[in-house]
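Each chain is listed here by its residues.
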Amino acid sequence: MARLTLDNVTKSFADFDAVRDVSIDVGDGEFLAVLGPSGCGKTTLLRLIAGFEKVTSGEIRIGNEVMSGKGGSVAPEKRRVGIVFQNYALWPHMTVAENIGYSLKVAKLDKAAARRKVEDALALVNLQGLGERRPANLSGGQRQRVALARCLVAAPSLVLFDEPLANLDVHLRASMEDEFAAFHKRTGTTIVYITHDQAEAMALADRIAVMDHGRLAQLATPRQLYREPANEMVSSFISQGILLPADVLSAEEGGHCKVRVLGTELVVRCRTGERPRAGARICCRSADVQVVPDGPGLDGHVKRVIYQGGSARIEFTPSAGPDLTLHFEQPDPVMLESGTQARLRIRSGWLIPAARAA
Ligand code: ATP
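Structural notes, computed from the coordinates. All values derive from a computational prediction rather than experimental measurement. (Residues numbered from 1 in each chain as written. Predicted model: local features only at pLDDT ≥ 70, side-chain atom pairs only at ≥ 80, totals over all residues.)

1. Considering unusual backbone geometry
Okay, so step 1: Its identity as a non-glycine residue notwithstanding, Gln240 has a phi of 45°, on the positive side.
Okay, so step 2: Relative to the helices and strands, Gln240 resides in the loop between helix H8 (232-237) and strand S12 (242-252).
Okay, so step 3: Of note, the phi angle at Leu262 is positive, near 50°, even though the residue is not glycine.
Okay, so step 4: The class for Leu262 is partly exposed, based on 18 C-beta atoms found within 10 Å. (Helix = DSSP H or I, 4+ residues; strand = E, 2+ residues; numbered from the N terminus. Buried ≥ 20, exposed ≤ 12 C-beta atoms within 10 Å, placed from the backbone.)

Written out as structure tokens, the structure is:
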């Protein structure tokens, strides 16, 4: 097991920074998800950690050993980093056991010892008894478990997962998620898990690194990301936060601020050290707001109500916010009709911190 440290890592291709000034410290035994939209630099980050790319500047360390930095780069096969790819990358002509034991054979390990290690790895991923099958005769989930066992047999200090569930159907994804979680608990391996799927990252990770255009947008626990997004990108990317324009009027006691939102004063949660400023935004989650036919609240117009079973998706335009359409979910029964006037009640929110100078 090992700790992984990325210090101000930048990777440029010609004059384009695919990864820009990223610093992350992954604790020994931690499960870190790297999450972000397509093209944000996730795969490049994984390739840098694995050693398939060299850093342009900054440093990567595993334990206390520098893997990539000013002094050069340690070859991928010397890093003791295991990788589980989304396409499994299994040899079709080898049996499951041969696939798993391949690296041991290359390392010329004694045959009996290698067989024992393969058996142990099969047991660890719940595939006992399937060692003689060929990959073609396995389900997608079983193939992914073989890939996991193959990576574990080499006793890596760190395991990288590259969108491992992307090729599996929805039901299998959920059960593999459970397996990965159980596997992590059982082995205590340090894991870096690349995904663009927010639900997957939230379900599995201790902390999530959200990437945006090559930069680290926020590194936090799933709960913090949801409750206290560091910027608008994180607020929108994580569960589609509802963003409202706000002016900060004053800081209150206990991590709260008084703000004016669309002409109404509210108290919302905020970071300490906030000062009065204009042009801010607050992030609300669906559970923080409610649209009601009448009574107190912000005046507005229900553009659309889309029923989706136990809840409804509502599009609401506040009268005081021209060109602003808010989207959120509300549990059924929803007593609203498309095209009617209604009121928006905001129970709580989070003040998006001011952007720091680059
Ligand atoms: P996806 O989820 O679509 O795989 P990603 O978040 O993994 O995306 P990367 O593959 O890391 O993103 O790519 C980040 C950016 O760097 C992209 O704009 C990509 O075009 C660029 N890029 C990646 N590799 C190279 C390369 N070898 N040469 C030039 N540009 C590259």
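Having seen the structure, we can now continue with the description.
2. Remarks on the packing of helix H2 (residues 96-106) against helix H4 (residues 140-152)
Okay, so step 1: Two elements in contact, H2 and H4, have axes separated by 7 Å at closest approach and are oriented at 30°. Classified by the angle their axes make, H2 and H4 are roughly parallel. Considering the relative orientation of H2 and H4, their crossing is right-handed. Along its contact with H2, which presents Val96, Asn99 and Ile100, the element H4 presents Val146, Ala149 and Arg150.
Okay, so step 2: Grouping the amino acids of the contact of H2 with H4 by side-chain chemistry returns 4 nonpolar, 1 polar and 1 charged. (Axes fitted to C-alpha atoms, helices over the stretch in contact; angles between N-to-C directions. Parallel < 35°, antiparallel > 145°, perpendicular 65-115°, else oblique. Left-handed = near helix turned anticlockwise from the far one by under 90°. Contact = placed C-beta atoms within 7 Å. Nonpolar A, V, L, I, M, F, W, Y, C, P; charged D, E, K, R; others polar.)

3. Details of the sheet that holds strand S18 (residues 311-318)
Strand pairing in a sheet relies on backbone hydrogen bonds. The paired strands run either parallel or antiparallel.
Okay, so step 1: Strand order in this open sheet of 5 strands is S16-S20-S17-S18-S19, and the pairing throughout is antiparallel. If you trace the sheet from one side to the other, it starts and ends with strand S16 (289-292) and strand S19 (326-331), each paired once. Ignoring which end each strand starts from, the neighbouring axes of this sheet average 45° apart.
Okay, so step 2: Bridge analysis of S16 against strand S20 (residues 340-346) gives 4 bridges, and the strand direction is antiparallel. By the bridge assignment, Val289 is partnered in S20 with Ile346. (Pairing = 2+ DSSP bridges.)

4. Remarks on the packing of H2 against helix H3 (residues 111-124)
Okay, so step 1: One can describe the packing of H2 onto H3 by two numbers: an axis separation of 9 Å at closest approach and a directional angle of 130°. In terms of axis orientation, H2 runs oblique to H3. As H2 packs across H3, the resulting crossing turns out to be right-handed. Where H2 abuts H3, its residues Ala97, Ile100, Gly101, Leu104 and Lys105 lie against Ala114, Lys117, Val118, Ala121 and Leu122.
Okay, so step 2: Classifying every residue of the contact of H2 with H3 by side-chain character gives 7 nonpolar, 1 polar and 2 charged.

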